[in-house]
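Here's the letter readout for the chains.
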Amino acid sequence: MSDKPICRICGGALREFLDLGPQPMGNAFVPPDKRDDEAFAFRFRLAVAMCEACTMVQLIDYVQHDQMFHSAYPYRSSGSSVMRAHFEDLAGRFLSEELTGSDPFIVELGSNDGIMLHTIAKAGVRHLGVEPCGDVAEVGRSNGIRVVNEFFDEDLAARILADDGKADVVFAANTFSHIDFLDSILRGIKNLLAPGGVFVFEDPYFGDIVQRASFDQIYDEHIFFFTARSVQDMAARYGLELVDVELLPVHGGELRCVLAHTGARPVSPAVTELLKQEEEQGLTDSATLTRFADGVRELGENLVARLRELRDQGKRVVGYGATAKSTTLLNYCGITPDLVSFICDSTAEKQGRLTPGTLIPIESPEAFADPYPDYALLLAWNHKDEILEKEAAFREAGGRWIHYVPDVRID
Ligand code: DWN
Ligand code: SAH
Ligand code: ZN
């Protein structure tokens, strides 16, 4: 890798503003018999920069896609009832607003366990999920969806076009930001999309990350952090246009973007509005980025100080949700089993393993109440409402939650 990293969208110069140190892969949960190897296992420098030309925020170093996404990839989208409802609602909107012609066709990149497409399949509408991770692609198939077990790229787009024809909708949730070869992806989508079609994607919004200091959204899989401005610029390079945006409450604040062929659809006032808001907030100013980086350091120090105090008082703290995000938090802060004794998580594929780098054991949600700890660190903070409601008995039994987004708070 050259000394001067360049923007993967436009080739412009990158300005680094945050270095979270050497990190393992977010979802590389460790089997217990491999724990002794973990100190020597793969690490990469997790550092973030903004492009001085097109403002795209991106990782400087990144992990090869087939190292992150493979058959044993453990994330299962349907683990959250709020996310299930979110995608059922969106599928309903696609069916009533976009998939209304004769024999419509929708393609989803990163279809995972079929959380969105199962509603489309039930409606009998032609669809294709593209999911490179074998095990979860199989779960999608068992949920009744048609899946190709490959990485989407320009070549696959051409094969889909030859077999199935143009797509009225291409959709990607928490996937488009995960791909380092966006050039190939965007060329593929440009070719695959019907003249009046839309490419819709939703990913963590950089504006929310800055506002909430939610730096644990930064990990290997999250390579790009979008704003309306950077997406508008990127789309234009491929003959596509940003025609609508929506800020979403899910996953701690996301941006949904709608792209169409340039000139094919009117541009919604929401686009102009968000561009103006980003400008007013100085989202791409170096002062904002420096303030964000300072806030990250402060948040990390506060959290560790509170956890050490609790340990020294003899309190028992466990974590809730073995998220990919928490890999960044735990490794950056140096949180190991002396501070958080175990983490409970509902995903069978994660239970019995240890957290990457920090080797905290992962157990089933039943272990949480057996007996309740004094404190629970809410690592899956993006699912706060769902989890606090589900675990209301913990609070009633005198347990306290430790929150760290947007700041460290115990209640
Ligand atoms: O972008 C991505 C998002 C969509 O999913 C991927 N790169 C990887 C993954 O990121 P994450 O692991 O940070 O996602 P979540 O959705 O915050 O993970 C929540 C974790 O918490 C899951 O392992 C399931 C678990 N959970 C639980 O144990 N009980 C979740 C809920 C809602 C619960 O009630
Ligand atoms: N859409 C789901 C899953 C997000 S996890 C949700 O929002 O919950 C990210 C998914 O992107 C993984 O399932 C991963 O296998 C998939 N992915 C990564 N690179 C991809 C590519 N090039 N083409 C299609 N899917 C990809
Ligand atoms: Zn750029």
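Note that this is a predicted model, so its numbers are computed, not measured. (Residues numbered from 1 in each chain as written. Chains lettered and ligands numbered in written order. Predicted model: local features only at pLDDT ≥ 70, side-chain atom pairs only at ≥ 80, totals over all residues. Heavy atoms only, no water.)

Student: Explain the site of ligand 2 here, please?
Tutor: Near ligand 2 you find 18 residues, and of these S77, G110, E131, A173 and N174 are the closest. Within the side chain of N112, an N or O atom sits 3.2 Å from an oxygen atom of ligand 2. Contact with the protein chains hides 98% of the accessible area of ligand 2, taken as 570 Å² for the molecule alone. Here the residues of the shell around ligand 2 sort into 12 nonpolar, five polar and one charged. (Near = heavy atom within 4 Å. Polar contact = N/O pair within 3.5 Å; in protein donor to acceptor, adjacent residues only side chain to side chain. Areas by Shrake-Rupley, 256 points an atom, 1.4 Å probe, with all protein chains shown as cover. Nonpolar A, V, L, I, M, F, W, Y, C, P; charged D, E, K, R; others polar.)

Student: What is the right way to look at the coordination of the zinc ion (ligand 3) in this model?
Tutor: Six octahedrally arranged donors around a metal ideally form angles of 90 or 180 degrees; four tetrahedrally arranged donors ideally form angles of 109.5 degrees. Taken together, C7 (SG), C10 (SG), C51 (SG) and C54 (SG) make up the full set of protein donors to the zinc ion (ligand 3), lying 2.3 to 2.4 Å away. For the zinc ion (ligand 3), the four donor atoms in the first shell make angles of 99 to 116 degrees at the metal, a pattern classed as tetrahedral. (Donors = N, O, S within 2.8 Å, 3.2 Å for Na, K, Ca; no water. Tetrahedral: all angles 85-135°; square planar, octahedral: opposite > 155°, others 65-115°.)

Student: What exactly am I supposed to notice about helix 2 (residues 81-98) here?
Tutor: Residues that lie three or four places apart on an α-helix share one face, since the helix turns once every 3.6 residues. The first and last C-alpha atoms of helix 2 sit 25 Å apart over 18 residues, in line with the 26 Å expected at 1.5 Å per residue. All buried positions along helix 2 are accounted for by M83, H86, F87, L90, A91 and F94. One face of helix 2 carries all of its buried residues, which in axial projection span an arc of 130 degrees. Where helix 2 is buried, its residues contact strand 4 (105-109), helix 3 (117-122), strand 7 (167-173), strand 8 (193-204), strand 10 (240-248) and strand 11 (254-261). At the N-terminal boundary of helix 2, the capping side chain belongs to S80, with an oxygen 3.2 Å from the backbone nitrogen of V82. (Helix = DSSP H or I, 4+ residues; strand = E, 2+ residues; numbered from the N terminus. Expected span 1.5 Å × (residues − 1). Buried < 20%, exposed > 50% of the residue type's maximum accessible area, 1.4 Å probe, protein only. Arc of directions from axis to C-beta. Contact = heavy atoms within 4.5 Å.)

Student: So what exactly am I meant to see when it comes to the sheet that holds strand 10 here?
Tutor: In any sheet, the strands associate via hydrogen bonds between backbone groups, in a parallel or an antiparallel arrangement. The strand order across the open sheet formed by seven strands is 6-5-4-7-8-11-10, and the pairing between neighbours is mixed. Looking at the sheet topology across the chains shown, the edges are occupied by strand 6 (147-148) and strand 10. Note: strand 4 against strand 5 (residues 126-130), five bridges, orientation parallel. Looking across to strand 5, one finds that V107 is bridged to L128. Sheet strands in contact with helix 5 (residues 154-164) are strand 4, strand 5 and strand 6, and its direction is about 160 degrees off that of strand 5. (Pairing = 2+ DSSP bridges. Axes fitted to C-alpha atoms, helices over the stretch in contact; angles between N-to-C directions.)

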